[in-house]
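Listed here are the chains, written in short residue letters.
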Amino acid sequence: MNRRAAVTTALCLLLLACGVDAKLCKQRSSTFVGPCRSNMNCAHVCIVEGKTGGYCKGYVPFFKICMCTFECGGGGGGGGGDGSGPPQALTVRARRAGSSA
(Lines give C-alpha, C1' and ligand atoms only; values in the text may rest on other atoms or scores of the structure.)
Protein backbone atom coordinates (compact mmCIF):
# COMPACT_ATOMS: atom_id res chain seq x y z
CA MET A 1 0.00 0.00 0.00
CA ASN A 2 2.83 2.41 0.86
CA ARG A 3 4.57 1.60 -2.40
CA ARG A 4 1.40 2.37 -4.38
CA ALA A 5 1.06 5.79 -2.73
CA ALA A 6 4.73 6.57 -3.41
CA VAL A 7 4.40 5.59 -7.10
CA THR A 8 1.19 7.62 -7.49
CA THR A 9 2.80 10.66 -5.89
CA ALA A 10 5.90 10.33 -8.07
CA LEU A 11 3.79 10.09 -11.23
CA CYS A 12 1.76 13.16 -10.26
CA LEU A 13 4.92 15.18 -9.60
CA LEU A 14 6.41 14.04 -12.91
CA LEU A 15 3.30 15.08 -14.82
CA LEU A 16 3.26 18.48 -13.12
CA ALA A 17 6.96 19.10 -13.76
CA CYS A 18 6.88 17.99 -17.40
CA GLY A 19 3.56 19.53 -18.34
CA VAL A 20 3.22 21.50 -21.54
CA ASP A 21 3.59 25.25 -21.12
CA ALA A 22 0.51 27.14 -22.22
CA LYS A 23 1.32 30.18 -24.32
CA LEU A 24 -0.03 33.46 -23.01
CA CYS A 25 -0.24 36.29 -25.52
CA LYS A 26 -0.74 39.96 -24.84
CA GLN A 27 -2.06 42.70 -27.08
CA ARG A 28 -3.04 46.32 -26.52
CA SER A 29 -6.76 46.78 -25.88
CA SER A 30 -8.61 48.08 -28.92
CA THR A 31 -11.46 49.72 -26.95
CA PHE A 32 -9.88 51.02 -23.70
CA VAL A 33 -9.80 54.84 -23.72
CA GLY A 34 -7.53 57.06 -21.61
CA PRO A 35 -4.77 56.24 -19.15
CA CYS A 36 -4.99 52.86 -17.44
CA ARG A 37 -5.36 53.38 -13.67
CA SER A 38 -7.03 50.16 -12.52
CA ASN A 39 -6.06 46.59 -13.43
CA MET A 40 -9.61 45.47 -12.63
CA ASN A 41 -11.14 48.01 -15.01
CA CYS A 42 -8.67 47.04 -17.75
CA ALA A 43 -9.37 43.32 -17.21
CA HIS A 44 -13.13 43.94 -17.45
CA VAL A 45 -12.74 45.81 -20.75
CA CYS A 46 -10.52 43.02 -22.11
CA ILE A 47 -13.04 40.34 -21.11
CA VAL A 48 -15.77 42.28 -22.94
CA GLU A 49 -13.44 42.26 -25.99
CA GLY A 50 -13.34 38.46 -25.76
CA LYS A 51 -9.91 38.10 -24.14
CA THR A 52 -9.15 36.20 -20.91
CA GLY A 53 -7.90 39.16 -18.84
CA GLY A 54 -5.85 42.33 -18.80
CA TYR A 55 -3.54 44.60 -16.83
CA CYS A 56 -2.11 48.12 -16.89
CA LYS A 57 1.37 48.33 -18.39
CA GLY A 58 3.80 51.20 -17.90
CA TYR A 59 5.76 53.06 -15.27
CA VAL A 60 4.33 56.59 -15.47
CA PRO A 61 0.72 56.70 -14.14
CA PHE A 62 -0.75 58.95 -16.84
CA PHE A 63 0.91 57.01 -19.68
CA LYS A 64 -0.04 53.44 -18.68
CA ILE A 65 -1.86 51.43 -21.33
CA CYS A 66 -4.33 48.55 -21.02
CA MET A 67 -2.87 45.25 -22.23
CA CYS A 68 -5.19 42.29 -22.81
CA THR A 69 -4.05 38.71 -22.26
CA PHE A 70 -5.28 35.56 -24.00
CA GLU A 71 -4.11 32.07 -24.92
CA CYS A 72 -2.10 32.00 -28.12
CA GLY A 73 -3.55 29.97 -30.99
CA GLY A 74 -0.34 28.17 -31.90
CA GLY A 75 3.02 28.84 -33.40
CA GLY A 76 3.74 31.61 -30.90
CA GLY A 77 3.73 35.24 -31.76
CA GLY A 78 6.71 37.25 -30.67
CA GLY A 79 5.43 40.57 -31.93
CA GLY A 80 7.10 42.96 -29.50
CA GLY A 81 6.96 46.69 -30.00
CA ASP A 82 4.39 48.91 -28.31
CA GLY A 83 1.60 46.35 -28.33
CA SER A 84 -0.08 47.66 -31.46
CA GLY A 85 1.51 44.95 -33.65
CA PRO A 86 0.88 41.21 -33.68
CA PRO A 87 0.32 39.45 -30.33
CA GLN A 88 3.39 38.80 -28.21
CA ALA A 89 3.79 35.27 -26.84
CA LEU A 90 4.76 34.55 -23.25
CA THR A 91 4.94 31.19 -21.57
CA VAL A 92 3.14 30.90 -18.26
CA ARG A 93 6.47 30.22 -16.55
CA ALA A 94 8.07 33.31 -18.13
CA ARG A 95 5.07 35.42 -17.11
CA ARG A 96 5.41 34.27 -13.51
CA ALA A 97 9.12 35.09 -13.59
CA GLY A 98 8.39 38.58 -14.95
CA SER A 99 10.17 37.95 -18.23
CA SER A 100 8.92 38.48 -21.77
CA ALA A 101 10.96 35.71 -23.37
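Per an unreviewed UniProt entry, the chain goes by the name Knottins-like domain-containing protein and belongs to Urochloa decumbens.

S.K.: When you look at the overall build of the chain in this model, what are you seeing that I'm missing?
M.R.: Summing up its helical and strand segments, the chain has three helices and four strands in all. The helix and strand sequence of the chain, counted from the amino end, reads α-β-α-β-β-β-α. By the burial criterion, 27% of the 101 residues in the chain qualify as buried. Here the analysis covers contacts within the chain between residues at least 6 apart in sequence; of these, 48% occur between residues at least 24 apart. Accessible surface for the chain amounts to roughly 7,100 Å². Of this, 59% is attributable to carbon and sulfur atoms.

The rules behind these values
Residues numbered from 1 in each chain as written. Predicted model: local features only at pLDDT ≥ 70, side-chain atom pairs only at ≥ 80, totals over all residues. Heavy atoms only, no water. Helix = DSSP H or I, 4+ residues; strand = E, 2+ residues; numbered from the N terminus. Buried < 20%, exposed > 50% of the residue type's maximum accessible area, 1.4 Å probe, protein only. Contact = heavy atoms within 4.5 Å. Areas by Shrake-Rupley, 256 points an atom, 1.4 Å probe, with all protein chains shown as cover.

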